[in-house]
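Structural overview for review
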Amino acid sequence: MALDDAGPGVTDESDTDRTCRYCLGGEEGGFIDPCACSGGQRWVHLECLRRWQRSILVTQPTHPDLFAEDRRMTHCTVCLQRFSCPLPSRHEMMLQFTGEELASLVRCQSLICSSRQWSETLQQSLQSSRRSMSNFVHWCRSAYLIIYCGPKQLALSIPDEANREAVLENLDGLGQLEVQGKRYRMLREGPLARLSAADASNASVLHGTLEQLTLPAEVILQCAEECDASDDSIRAINLCNPISEDDLSSEAQRVVRSRGTGTPLRHFLGGPCAPAQPTILLPAAAAAGCGLRTLEQLGVALATDFAPLALEDPPSKRRRLEAGDAAEAEGQALVFWGEARWQRTQLLGELARGDWGLCAAVPEDLVGGKQIWHQLLAEGRPVYAPHSEMTRQAPAA
Ligand SMILES: [Zn+2]
Ligand SMILES: [Zn+2]
């Protein structure tokens, strides 16, 4: 069919013959003519067009770097004209799969819990194809605690002097950097964890600190402008993979041992990203006065270096710990090496596939260990996406 004999004004059928090109149904619920097609191809239900667009979406990878918009979602495959009704955003389409209840649990202090079926799929692919252990270790039977959910963050790696120079040159008067047309500020994390809030937004202090940084280094940037929620970053640490101090890299062992005695530590594999970067959960009482962010619902504070634990606890604080509740009386700090990172729409896509469920975390979950995942499932706590065309198929037996 040629474009020029299919203009929008052309009708060659009587109104009584109208059928939807997708479901062949009648006009109940209303028709639209979204492209230049005429005749039996002209009319569609909006919901049928959306279903067709979703059927293409489900064949695509959920990772934002691998995702490219498929022309079949935006253009008619017959007349090749762009559909006149705009395509909902990828974020809106994913929300239709997950439902609002599940989407609302994508927030700080929720647990992202791998589903039984996906864990089995991972196990099978490990056994059949001898894929590397790395994915399996991090995703199979895991429960990730969300420690950040908010405006987009980027990991800025500074591998060498040339990159340091480039960063310093581009730092503006507020100590911010422009990346892909948006302004980002540097977070007081990792190598910048010891800066005060005032110093972190002081360009000359930042400049001096960055000049002294031991390279290679990784600095976390956070978008300082209004951002679309679909771009939000989610960072989480896995509670299910305890390791011993001997399992740590020699550099990590050196860092851990140099802090001296004090609060006892338990170590975990936190996730696949930034494996040398510790995230430390310590009893909120032990962190009082350190200016750390607390996860209030869980009674812990969050540190990204060992400074708050470097000195032996003063006696007064230790007495308070002994008198405190069970978690605090233990006085342990949990150290997670590495973390997992998602973009909000990407996580919604993985939730829609049924790979993960979500639930709110409680303080008892912070005992950590392999049994956490089993307990969560036995208690039926995680909420999963309803079954849809997006749902991952069960592995072949
Ligand atoms: Zn229809
Ligand atoms: Zn068309």
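Residues numbered from 1 in each chain as written. Chains lettered and ligands numbered in written order. Predicted model: local features only at pLDDT ≥ 70, side-chain atom pairs only at ≥ 80, totals over all residues. Heavy atoms only, no water.

**Things to note about helix α1 (residues 46–57)**
- Compared with the 16 Å implied by 1.5 Å per residue over twelve residues, the 16 Å span of α1 between its first and last C-alpha is a close match.
- Buried within α1 we find C48, L49, R50, Q53, R54, I56 and L57.
- In this structure, the buried residues of α1 make contact with α2 (71–74) and α3 (90–104). (Helix = DSSP H or I, 4+ residues; strand = E, 2+ residues; numbered from the N terminus. Expected span 1.5 Å × (residues − 1). Buried < 20%, exposed > 50% of the residue type's maximum accessible area, 1.4 Å probe, protein only. Contact = heavy atoms within 4.5 Å.)

**A few points about the coordination of the zinc ion (ligand 2)**
- In the first shell of the zinc ion (ligand 2), the protein supplies C35 (SG), C37 (SG), C76 (SG) and C79 (SG), at 2.2 to 2.4 Å from the metal.
- Here the zinc ion (ligand 2) binds four donor atoms, and the angle range of 107 to 112 degrees at the metal identifies the geometry as tetrahedral.
- Along the chain, the residues that donate to the zinc ion (ligand 2) are spaced as C-x1-C-x38-C-x2-C. With C35 in the segment before α1 and C79 in the loop between α2 and α3, this pair connects stretches of sequence that are 44 residues apart. In this pair, the class of C35 matches that of C79, namely buried. (Donors = N, O, S within 2.8 Å, 3.2 Å for Na, K, Ca; no water. Tetrahedral: all angles 85-135°; square planar, octahedral: opposite > 155°, others 65-115°.)

**Thoughts on the packing of aromatic side chains**
- Inspection of every chain in the model, using the stated rule, returns eleven aromatic pairs.
- A centroid spacing of 5.9 Å and a plane angle of 45 degrees characterise the contact between W139 and W342, whose relative ring orientation is tilted. With W139 in helix α5 (residues 133–139) and W342 in strand β13 (residues 333–343), the pair connects residues that are 203 residues apart, well separated along the chain. Across this residue pair, the class does not change: W139 and W342 are buried.
- Summarising the aromatic geometry, the rings of W139 and W356 are spaced 5.6 Å apart at their centres and angled 85 degrees between planes, so their arrangement reads as edge-to-face. In this pair, W139 is assigned in helix α5 and W356 in strand β14 (residues 356–360), connecting sequence segments 217 residues apart. Taken as a pair, W139 and W356 share a single burial class, namely buried.
- These aromatic residues form a ring-pair network of at least three members: W118, W139, Y144, W342 and W356.
- Lying over the aromatic face of W43, R18 brings its terminal NZ or CZ to 4.0 Å of the ring centre. (Phe/Tyr/Trp six-rings, centres within 6.5 Å; stacked < 30°, edge-to-face > 60°. Lys NZ or Arg CZ within 6 Å of the ring centre and 35° of its normal.)

**Details of the coordination of the zinc ion (ligand 1)**
- For the zinc ion (ligand 1), the protein coordination sphere consists of C20 (SG), C23 (SG), H45 (ND1) and C48 (SG), at 2.2 to 2.4 Å.
- Taken in chain order, the donor set of the zinc ion (ligand 1) reads C-x2-C-x21-H-x2-C. Of this pair, C20 sits in the segment before α1 while H45 sits in the segment before α1, placing them 25 residues apart in sequence.
- You can call C20 buried: its relative accessible area is 0%.
- The exposure class assigned to H45 is buried, which follows from its relative accessible area of 10%.

**Structural notes on the confidence of the model for the chain**
- Residues with a pLDDT of 70 or more make up 88% of the chain, whose mean pLDDT is 85.
- Predicted confidence is poor over residues 1–13, with pLDDT under 50, and the contacts of this stretch with residues over four places away or in other chains come to 19 contacts.
- Of the regions scoring below 50 in pLDDT, residues 312–329 engages in 23 contacts with residues more than four places distant in sequence or in other chains. (pLDDT = per-residue confidence, 0-100.)

**Topic: the packing of helix α6 (residues 161–170) against helix α8 (residues 203–212)**
- Between α6 and α8, whose axes approach to 10 Å, the crossing angle comes to 180 degrees. When the interaxial angle is binned, α6 and α8 end up roughly antiparallel. From α6, R164, V167 and L168 reach across to α8, where they touch H207, L210, E211 and Q212.
- Per-class residue counts for the contact of α6 with α8 are three nonpolar, two polar and two charged. (Axes fitted to C-alpha atoms, helices over the stretch in contact; angles between N-to-C directions. Parallel < 35°, antiparallel > 145°, perpendicular 65-115°, else oblique. Nonpolar A, V, L, I, M, F, W, Y, C, P; charged D, E, K, R; others polar.)

**Side note on the packing of α3 against helix α12 (residues 344–352)**
- Taken N-terminus to C-terminus, the directions of α3 and α12 make an angle of 65 degrees; their axes are 9 Å apart at the nearest point. The chirality of how α3 crosses α12 is left-handed. Contacts from R90, H91, M94, L95, F97, T98, L102 and A103 in α3 reach R344, T345, L348, G349, L351 and A352 in α12.
- Taken together, the residues of the contact of α3 with α12 sort by class into eight nonpolar, four polar and two charged. (Left-handed = near helix turned anticlockwise from the far one by under 90°.)

**Digging into the pattern of salt bridges**
- This model, assessed by the stated rule, comprises 21 salt bridges.
- A salt bridge links R257 to E245, with the nearest nitrogen and oxygen atoms 2.9 Å apart. With R257 in helix α9 (residues 250–258) and E245 in the loop between β8 (242–243) and α9, this pair connects stretches of sequence that are twelve residues apart.
- Judged by its relative accessible area of 27%, E245 is partly exposed.
- Here the salt bridges share partners, and the residues they tie into one network are E189, E218, R235, E339 and R341. (Salt bridge = Lys/Arg side-chain N within 4 Å of Asp/Glu carboxyl O.)

**Description of the nonpolar core**
- I112, W139, Y144, W342, L347, L351 and W356 are the most contacted members of the largest nonpolar core, which has 32 residues in total.
- For this core, the leading source of residues is α3, giving five residues.
- In this structure L347 touches V106, I112, I234, W342 and W356, once residues within four positions along its chain are discounted.
- Judged by nonpolar contacts, the second largest core, of 23 residues, contains L111, A143, L298 and I372. (Core = buried A, V, L, I, M, F, W, Y, C linked by side-chain atoms within 4.5 Å.)

**What to know about the pairing of strand β4 (residues 176–179)**
- Pairing analysis gives four bridges linking β4 to strand β5 (residues 182–186), with the strands arranged antiparallel. Each residue of the ladder has a partner; that of E178, found in β5, is R183.
- Following β4, the chain reverses through two residues before pairing antiparallel with β5; Q180 in that reversal takes a positive phi of roughly 45 degrees. (Pairing = 2+ DSSP bridges.)

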